[in-house]
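Coordinate inspection notes
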Amino acid sequence: MFKIRDYEPVVGGEVIDELELFASRLSGKVIQNVNSTAVGGGVAEILIRMIPLLKDIGVDARWDVIKGDEKFYQVTKKMHNALHGGKVNFTQEEIDIFVETNRINAASMDLVGDIMFIHDPQPIGLVEQKIKDQKWIWRCHIDFSRPDEFTWNFLKNYIEKYNISIFSAPSFARQLIIPQVLISPSIDPLSDKNRDLPQETIERVLEQFNIDNKRPIVTQISRFDYLKDPVGVVKAYRQVKKYVDCQLVLAGGGATDDPEGEKVLAEVQEAVGGDKDIFLLLLPPASDIEINALQRASSVVLQKSLREGFGLTVAEALWKSKPVIAGAVGGIPLQITNKYSGLLTHTIEGTAFALKQLLQNPDYAKRLGENGHEHIKKNFLIIRHLKDYLMLFLSLYHQGENIVYL
Ligand code: UDP
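The structure displayed is predicted, hence computed values, not measured ones.

1. Quick look at the overall build of the protein chain
- A count of helices and strands for the protein chain gives 15 helices and 12 strands.
- For the protein chain, whose C-alpha radius of gyration is 21 Å, the value lies close to the compact-globule estimate of 22 Å for 406 residues.
- Based on the C-alpha atoms only, the size of the protein chain along its principal axes is roughly 65 × 55 × 35 Å.
- The burial tally for the protein chain puts 56% of its 406 residues in the buried class.

Here it is in structure tokens:
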């Protein structure tokens, strides 16, 4: 694991000095993070990197994961889809499962943080245990631009018991009686997923998966989730394949809190059929080097999401100076300015058009990737994120000072 001073060459020594000063003001405070999965998906990805860095600068940061059975994760996945605008109805039994699982977790966990930092809806009900003097933060990683009314109102009752809420993009801000702050997620430039790789490692990974390094590679890395539209990616690729002899890599694994993955994967397998130039790769957890190599080997990276909280995969690819074509949803437009640092699309046809354009214009594609890299470097690296969190923690004890609420 890295130390905070390892980031000096990337961000400069003064930034690190400032972080250490902030951290010293939090001395004696326990920051307890709670989410619903230790592996898979963007939330775990960030916590894995963030917690050791917080500890290294002297903050007593902890991380717990709630437990739930299959029924609970079916309900929370349904909730996730509803918050992303899907039409769903909840039965009383489902609501009871949600409430009861939160209650059971609350009873078995030590909720001892001075600051309780709760991520996403799954553990949101823990706030019922809030005691005087504790500060509770609800951190939303979801695209909240068009939530289902019932689900929103259900969650709102919990959210308003928190001291403060965090959203990833301005368009997710809601009407709430508690303050809301905007903090975007980030990637870690030193992690195995993002650090520079020797060319031999990239070649080895391509060989491992039998991918041809002579023809263009188009890649989407993501969980098999309807909202990432993997079948739409296959369709867009097919339209382009008539003009450019490219290969498609769809690589992803599951997350322990996402029960829908297998069904989506089966649909993608059917869409792929016997196409030898489509590589459907099921990656085990901790495939960071493989993901890094696949992104670096790509001519174009896709993230054809239909809804998206932030889309770390976009930042990861842009960091590697790759041209990215992505759905114009959620936090993606914060990362891509259309035709400047990538291309934003709304449809399968639009994605196919953009893909053909980039594969046929490598200079233009290169320029988009370079601009994208600069944008990520300035705005979406972990040190900026760490500083935002430290300032937020401090603001909870000095309300009104040095913090801009939405
Ligand atoms: N990821 C991974 N293995 C996979 C699929 C995704 O490690 O098989 C990583 C991906 O590189 C990114 C994160 O999981 O860091 C996904 O975050 P994102 O915000 O793109 O989407 P989410 O899964 O949170 O909706």
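2. Here's the deal with the pattern of salt bridges
- If you walk through the whole model with that rule in mind, you get 29 salt bridges.
- Close ionic contact of K228 with E308 constitutes a salt bridge, the shortest N to O distance being 3.0 Å. One end of the pair, K228, is in the loop between β7 (217-221) and α8 (230-241); the other, E308, is in the loop between β10 (300-303) and α11 (312-319), with 80 residues separating them in the sequence.
- Since its relative accessible area comes to 7%, E308 is described here as buried.
- Across the salt bridge formed by K304 and D229, the nearest N and O atoms sit 2.8 Å from each other. Here the residue K304 occupies a position in the loop between β10 and α11, and D229 occupies one in the loop between β7 and α8, the gap between them amounting to 75 residues. Side by side, K304 and D229 carry an identical accessibility label, which is buried.
- Bridged by salt links that share partners, the residues D212, R215, K241, D245 and D277 form one connected network.

3. Some remarks on the site of the ligand
- Taken together, 15 residues form the shell around the ligand, and within it G42, R223, K228, G253 and E316 come nearest.
- T313 is positioned with one of its backbone polar atoms (N or O) 3.3 Å from an oxygen atom of the ligand.
- In the complex, the protein chains occlude 87% of the 540 Å² of accessible area that the ligand would expose alone.
- Elements supplying a minimum of two residues to the shell around the ligand: α3 (42-56) and α11.
- Per element, the largest residue contribution to the shell around the ligand is 3 residues, and it comes from α11.
- Its residues placed into classes, the shell around the ligand shows 2 nonpolar, 7 polar and 6 charged.

4. Notes on the side chain of S222
- You can see S222 is positioned in the loop between β7 and α8.
- In this structure the side chain of S222 is engaged in a polar contact, spanning 3.4 Å, whose partner is the side chain of Q220.
- Excluding its chain neighbours within four sequence positions, the residues that come into contact with S222 are K228, A251, G252, G253 and Q303.

5. Topic: the packing of α3 against helix α15 (residues 382-395)
- For the pair α3 and α15, interaxial distance at closest approach is 11 Å and the crossing angle is 65°. On the basis of the axis angle, α3 is roughly perpendicular to α15. Of the two elements, α3 crosses α15, and the hand of that crossing is right-handed. Note on element contacts: α15 touches α3 through I382, H385, L386, Y389 and L390, opposite I46, R49, M50, L53 and L54.
- Residues that form the contact of α3 with α15 fall into these classes: 8 nonpolar, 1 polar and 1 charged.

6. Comments concerning the environment of V329
- Residue placement: V329 occurs in the loop between β11 (324-327) and α12 (332-335).
- With 21 residues separating them along the chain, V329 and E308 place their C-alpha atoms 6.0 Å apart.
- If near-sequence neighbours (up to four positions away) are discounted, V329 is found in contact with D143, S305, L306, R307 and E308.

7. A word on the sheet that holds strand β8 (residues 247-252)
- Read across the sheet, 6 strands follow the order β9-β8-β7-β10-β11-β12 without closing on themselves; strand pairing throughout is parallel. Edge positions in the sheet fall to β9 (278-282) and β12 (343-345), since each has one partner strand and no second. Within the sheet, the average angular offset between the axes of one strand and its neighbour, ignoring direction, is 20°.
- Contacts from helix α13 (residues 348-360) reach β7, β10, β11 and β12, with the element oriented near 160° to β12.

8. As for helix α2 (residues 13-24)
- Between the first and last C-alpha of α2 there are 17 Å, a value that for 12 residues agrees with the 16 Å anticipated at 1.5 Å per step.
- All of the buried residues along α2 are I16, L19, F22 and A23. Mapping the buried residues of α2 onto a view down its axis gives an arc of 115°, with all of them on the same face.
- On its buried face, α2 is in contact with α1 (8-11) and α15.

9. Looking at the sheet that holds strand β1 (residues 30-35)
- Within the open sheet, the 6 strands sit side by side as β2-β1-β3-β4-β5-β6. Their pairing is parallel. Whereas interior strands pair on both sides, the edge strands pair on one side only; in this sheet they are β2 (60-65) and β6 (180-182). Strand after strand, the sheet turns through a mean of 20° between neighbouring axes, direction not considered.
- Relative to β2, β1 is paired through 6 bridges, and the arrangement is parallel. Bridged to V34 within β2 is D64.

10. Comments concerning the side chain of S184
- Take S184: it is sitting in the loop between β6 and α7 (199-208).
- Taking the relative accessible area as the measure of exposure, S184 reaches 11% and is therefore buried.
- Polar contacts involving the side chain of S184 include one to the main-chain carbonyl oxygen of S168, which spans 3.4 Å.
- Not counting the four nearest positions on each side in its chain, S184 is found in contact with R139, S168, F310, L334, F380, R384 and H385.

The rules behind the values
- Residues numbered from 1 in each chain as written.
- Predicted model: local features only at pLDDT ≥ 70, side-chain atom pairs only at ≥ 80, totals over all residues.
- Heavy atoms only, no water.
- Helix = DSSP H or I, 4+ residues; strand = E, 2+ residues; numbered from the N terminus.
- Rg over C-alpha atoms; globule rule 2.2 N^0.38 Å.
- Buried < 20%, exposed > 50% of the residue type's maximum accessible area, 1.4 Å probe, protein only.
- Salt bridge = Lys/Arg side-chain N within 4 Å of Asp/Glu carboxyl O.
- Near = heavy atom within 4 Å.
- Polar contact = N/O pair within 3.5 Å; in protein donor to acceptor, adjacent residues only side chain to side chain.
- Areas by Shrake-Rupley, 256 points an atom, 1.4 Å probe, with all protein chains shown as cover.
- Nonpolar A, V, L, I, M, F, W, Y, C, P; charged D, E, K, R; others polar.
- Contact = heavy atoms within 4.5 Å.
- Axes fitted to C-alpha atoms, helices over the stretch in contact; angles between N-to-C directions.
- Parallel < 35°, antiparallel > 145°, perpendicular 65-115°, else oblique.
- Left-handed = near helix turned anticlockwise from the far one by under 90°.
- Pairing = 2+ DSSP bridges.
- Expected span 1.5 Å × (residues − 1).
- Arc of directions from axis to C-beta.

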